[in-house]
Amino acid sequence: MSALLAAAVVGDSFVIQAIISSVEASDWRRFGIISTFAVLYAIMHGLLYLWQNIYAERLSNAVTAQMRDTLFGRIERMPLQDAADTSADLYFSTLTTQLDSIKRDLVDVVLWEHT
């Protein structure tokens with residue numbers, strides 16, 4: 001999938017160059033074909049972008065849910081003596097905030113840059 005997205009980004013310059021060349025050569029038939037291709041290309045590029053966002057969001061939600069289940073399960077199994085100084089509610093509240101930050105960073109940095 002990364003290869004398709006890379007081709008879509010690099011393809012912009014090729015399409016623009018082809019349009020400029022056809023206008024300079026007054027080749028209006030070629031210009032019409034390339035313009036049609038450019039519209040189809042823009043639609044494809046938008047759909048790939050949409051699919052990437054949906055995929056990244058679903059993946060980040062799955063990772064966050066798994067982390068939340070694991071961490072909350074460990075807190076729930078903590079012996080009472082370990083939790084005497086701090087209530088479990090404080091742990092849950094802190095972890096929820098931190099997991100939301102991890103999810104945001106996972107989507108914005110890791111998944112967005114590498115999907």
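Asker: Is there a simple way to think about the pattern of salt bridges in this case?
Answerer: Should their charged atoms come close, side chains of opposite charge can pair. Counting across every chain of the model gives one salt bridge. Asp-100 is the partner of Arg-68 in a salt bridge, and the nearest nitrogen-oxygen pair spans 3.6 Å. With Arg-68 in helix H2 (residues 28-76) and Asp-100 in helix H3 (residues 88-114), the pair connects residues that are 32 residues apart, well separated along the chain. Assessed through its relative accessible area of 23%, Arg-68 is described here as partly exposed.

Asker: Hey, could you run me through the confidence of the model for the protein in this one?
Answerer: Any residue range with low pLDDT should be treated as having predicted coordinates unsuitable for detailed reading. Summing up the model confidence of the protein, the mean pLDDT is 78 and the portion of residues at 70 or higher is 80%. The lowest-confidence element of the protein is H3, averaging 74 in pLDDT; the highest-confidence one is H2, averaging 85.

Asker: Please explain a nonpolar patch on the surface as it appears in this structure.
Answerer: Among the surface-exposed residues, Val-39, Leu-40, Ile-43, Leu-47, Leu-50 and Ile-54 lie close enough to one another that they form a single nonpolar patch of about 560 Å² accessible area. By the secondary structure assignment, Ile-54 is in helix H2. For Ile-54, a relative accessible area of 38% gives the class partly exposed.

Asker: I keep staring at H2 and nothing clicks. Help me out?
Answerer: Two residues of an α-helix separated by three or four positions point the same way, owing to the 3.6 residues in each turn. In this model, H2 (49 residues) spans 71 Å end to end at C-alpha, consistent with the 72 Å of a helix rising 1.5 Å per residue. For H2, the full list of buried residues reads Ile-34, Ala-38, Tyr-41, Leu-48, Gln-52, Ala-56, Ser-60, Thr-64, Phe-72, Gly-73 and Ile-75.

Asker: Even after reading the chapter, I still don't get the packing of aromatic side chains, so can you show me in this structure?
Answerer: Two aromatic rings are characterised by how far apart their centres lie and by the angle between their planes. Counted according to the given criterion, the structure contains three aromatic pairs. Aromatic side chains Trp-28 and Phe-31 sit 5.8 Å apart centroid to centroid with 85 degrees between the ring planes, which places their arrangement in the edge-to-face category. Here Trp-28 pairs with Phe-31, and both are found in helix H2, just three residues apart, close to one helical turn. Where Trp-51 meets Tyr-55, the ring centres are 5.1 Å apart and the plane angle is 10 degrees; that geometry is what we call stacked. With a gap of four residues between them, Trp-51 and Tyr-55 both fall in helix H2, about one helical turn apart. Relative accessible area serves as the criterion here: at 39%, Trp-51 is assigned to the partly exposed category. Residue classification places Tyr-55 among the partly exposed residues on the basis of a relative accessible area of 39%.

Asker: Even after reading the chapter, I still don't get unusual backbone geometry, so can you show me in this structure?
Answerer: Working note: non-glycine residues mostly have negative phi, and peptide bonds are mostly trans. The residue Ser-26 is not glycine, and still its phi comes out positive at about 55 degrees. Topologically, Ser-26 is positioned in the loop between helix H1 (2-24) and H2.

Asker: I would appreciate a short explanation of the environment of Asn-61 in the present structure.
Answerer: Along the chain, the position of Asn-61 falls in helix H2. According to the relative accessible area criterion, Asn-61 is partly exposed, its value standing at 36%.

Asker: Please explain the environment of Ser-21 as it appears in this structure.
Answerer: Checked against the element boundaries, Ser-21 lands in helix H1. When its relative accessible area of 23% is taken as the criterion, Ser-21 is described as partly exposed. Sequence separation between Ser-21 and Phe-31 is ten residues; the distance between their C-alpha atoms is 8.7 Å.

Reading the values: the criteria
Residues numbered from 1 in each chain as written. Predicted model: local features only at pLDDT ≥ 70, side-chain atom pairs only at ≥ 80, totals over all residues. Heavy atoms only, no water. Salt bridge = Lys/Arg side-chain N within 4 Å of Asp/Glu carboxyl O. Helix = DSSP H or I, 4+ residues; strand = E, 2+ residues; numbered from the N terminus. Buried < 20%, exposed > 50% of the residue type's maximum accessible area, 1.4 Å probe, protein only. pLDDT = per-residue confidence, 0-100. Patch = residues over 30% accessible without salt bridge, like charges linked within 9 Å, V, L, I, M, F, W, Y side chains within 5 Å. Areas by Shrake-Rupley, 256 points an atom, 1.4 Å probe, with all protein chains shown as cover. Expected span 1.5 Å × (residues − 1). Phe/Tyr/Trp six-rings, centres within 6.5 Å; stacked < 30°, edge-to-face > 60°.

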